[in-house]
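What follows is the residue order along each chain.
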Amino acid sequence: MSYKIPMGPYHPALEEPYKLDLICEGETVCDAKLHIGFNFRGIEHLAESRNYIQVIALMERVCGICSNIHTLTLCQAMEKLTGQTPPPRALYIRVVMAELERLHSHVLWAGIAAKLMGFKTMFMTCFELREKVMDVLQAISGNRVNYSMNKIGGVNRDIDDPQAVLKMVEALEAEMVRTVIPIFTTSSTARSRCAGIGVLTHEKALSCSVVGPTARASGVAQDLRRAAPYAAYAEMEFDTPVQQDGDVRARLMVRALEIMESCRILRQALAKMPPGELDTGDVKLVFATGTATSRVEAPRGEVMYSVSWKENSRTPRRVHVRTPTFANMPAIRWMVLGARLADTPLIQASIDPCYSCTDR
Amino acid sequence: MISLETISEQLGTTDPWVENRGAYWLAATELNVRDVARAMNAVQARFVTITAYQLPDEDGFRLEYHWDLDGRLLGFSFPVSGNSIDSIYDLCEGVDWIEREVHEGFNVDFLGREYEPLLLREGDTPGVNLREVSK
């Protein structure tokens, strides 16, 4: 006999509200239905009543983890409409901010995954590491969540102390190599909770059009930083970690390896950062009529903005945001099929979901 | 890397692709959304999203479909007459939630599919144009 177990919208395993209705037979999950919309704020519609300065501050609040990525993607789209080209130093600063954000997002996720595995010591270790990244973000921007770094045609602040960032990168990398990666890869607790659990096959990853680490853990080697480079990524050397197993462990490994690659990118960006202006210096911006699109590889995968403007208007006609979790979440249904009920909190968390982004 | 002309051939059009502000657009006028979805499947393009635009003066809607092909963003624009357009859910699983979102946010009906419970909510009624509600 099958029975339904609702998980959420408020549940200890969920960082934000959403609902997963699990249809079970005994301890085995036979089907699942996802319900979102609990965080719907109508941000896209609200954007249509904000001018080109206000809309940046608004879209920064789509997500509390990857706030910088949203303003970066939006500004890139608006730069296409206004014909602005940011100076080289601004492009390098954008890379540094994007990678710092990826670091803090991935380390945060590793901590949450550890907590859901029942590995509280690792949770504390990861959050201590994340705190170091947050300190650097705060030192650069003065903020810990909404950094307000991006503007149309450049960035708002310089990186005054690249050595502090480098020092943090070295400390983080050393701790990852010494503690986090070995424990996640060799500990029997981590292995038993992650290996072979919540598998998303390569074929299903393609048909669901999943993105980011979720796709790369299922053997789909896509990364916009390589495939369609933006900011200064074309000048960076880095690898795209890909795993084939499609299970929770593969998603964990992809993110752990991406932390190392982010450190590598940060070292290059800080070493090669050219001197110069932070923005174009244009005060009065003229928008062309039409639509511009921009895509960025956020910590969870591809973010896309479509921004439509009418000439001489102070407000956008339309701002559409496609967030990575919106693409990845439907795949949870396939990941939990046949799984043990007790594994579902970790499985759903393994895509690193962000429901605020998803609902907007 | 697959050339864009290969897609044009599959769609039976000689109209050019135009690169414009971040995407390659096929400017052909008589495209069918299901034919486009089949062509995208044939070249293993990844579905990205649908963006809905409500046109002024009660002219209906315009839907822009995007796929990614080896890092290139491909765009196709379709006018929506009478608030309905064919669904491509049976051809492309990744389109499910965005078709539902457009249906629930703009009251555009995607023909040939059933809708699961609501993603967005305006009471318990599916298919409400939230922009009209907010006026």
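Residues numbered from 1 in each chain as written. Chains lettered and ligands numbered in written order. Predicted model: local features only at pLDDT ≥ 70, side-chain atom pairs only at ≥ 80, totals over all residues. Heavy atoms only, no water.

Moving on to the interface of chain B and chain A. The interface is formed by 34 residues belonging to chain B together with 41 residues belonging to chain A. When the buried surface of chain B facing chain A is broken down by residue, Arg21(B), Arg46(B) and Trp97(B) rank first, second and third, together holding 27% of it. Here chain B is connected to chain A by four salt bridges. On the surface where chain B and chain A come into contact, there are 14 residue pairs in polar contact (both at pLDDT 80 or more). Going through the elements one at a time, β3 (46–54), β4 (61–69), β5 (72–80), α3 (96–106) and α4 (130–133) of chain B are the ones with two or more residues in the side of chain B that touches chain A. Top element by residues in the side of chain B that touches chain A is β3(B). It accounts for eight residues. Grouping the constituent residues of the side of chain B that touches chain A by class yields 15 nonpolar, seven polar and twelve charged. (Contact = heavy atoms within 4.5 Å. Buried area = accessible area lost by both parts, 1.4 Å probe. Salt bridge = Lys/Arg side-chain N within 4 Å of Asp/Glu carboxyl O. Polar contact = N/O pair within 3.5 Å; in protein donor to acceptor, adjacent residues only side chain to side chain. Helix = DSSP H or I, 4+ residues; strand = E, 2+ residues; numbered from the N terminus. Nonpolar A, V, L, I, M, F, W, Y, C, P; charged D, E, K, R; others polar.)

Time to look at the sheet that holds strand β2 (residues 19–25) of chain A. All names here are of chain A. Here three strands make up an open sheet; going across it, the order is β1-β2-β3 and the pairing antiparallel. Looking at the sheet topology across the chains shown, the edges are occupied by β1 (2–7) and β3 (28–35). Within the sheet, the average angular offset between the axes of one strand and its neighbour, ignoring direction, is 20°. Where β1 meets β2, six bridges bridge the pair, whose relative direction is antiparallel. Across the sheet, the residue bridging to Pro6 is Asp21, located in β2. (Pairing = 2+ DSSP bridges. Axes fitted to C-alpha atoms, helices over the stretch in contact; angles between N-to-C directions.)

Here the focus is the confidence of the model for chain B. Scored by pLDDT, chain B has a mean of 84; 85% of the residues are at 70 or more. Under the prediction, the complex receives an ipTM of 0.87, its pTM being 0.90. (pLDDT = per-residue confidence, 0-100.)

Let's shift gears to the nonpolar core. Soluble globular proteins: nonpolar side chains tend toward being buried together. Residues Met59(A), Leu100(A), Tyr65(B) and Phe76(B) are the most contacted members of the largest nonpolar core, which totals 158 residues. In this structure, Ala23(B), Trp25(B), Val48(B) and Leu73(B) belong to the second largest nonpolar core, which totals five residues. (Core = buried A, V, L, I, M, F, W, Y, C linked by side-chain atoms within 4.5 Å. Buried < 20%, exposed > 50% of the residue type's maximum accessible area, 1.4 Å probe, protein only.)

On to the packing of helix α4 (residues 88–117) of chain A against helix α6 (residues 162–186) of chain A. All names here are of chain A. Interhelical geometry of α4 versus α6 gives an angle of 30° and a closest axis separation of 13 Å. Put simply, α4 runs roughly parallel to α6. Between α4 and α6 the crossing geometry is left-handed. Here α4 contributes Leu100, Leu103, Val107, Ala110, Ala114 and Met117 to the contact with α6, which in turn contributes Val165, Met168, Leu172 and Phe184. Class assignment of the residues belonging to the contact of α4 with α6 gives a composition of ten nonpolar, no polar and no charged. (Parallel < 35°, antiparallel > 145°, perpendicular 65-115°, else oblique. Left-handed = near helix turned anticlockwise from the far one by under 90°.)

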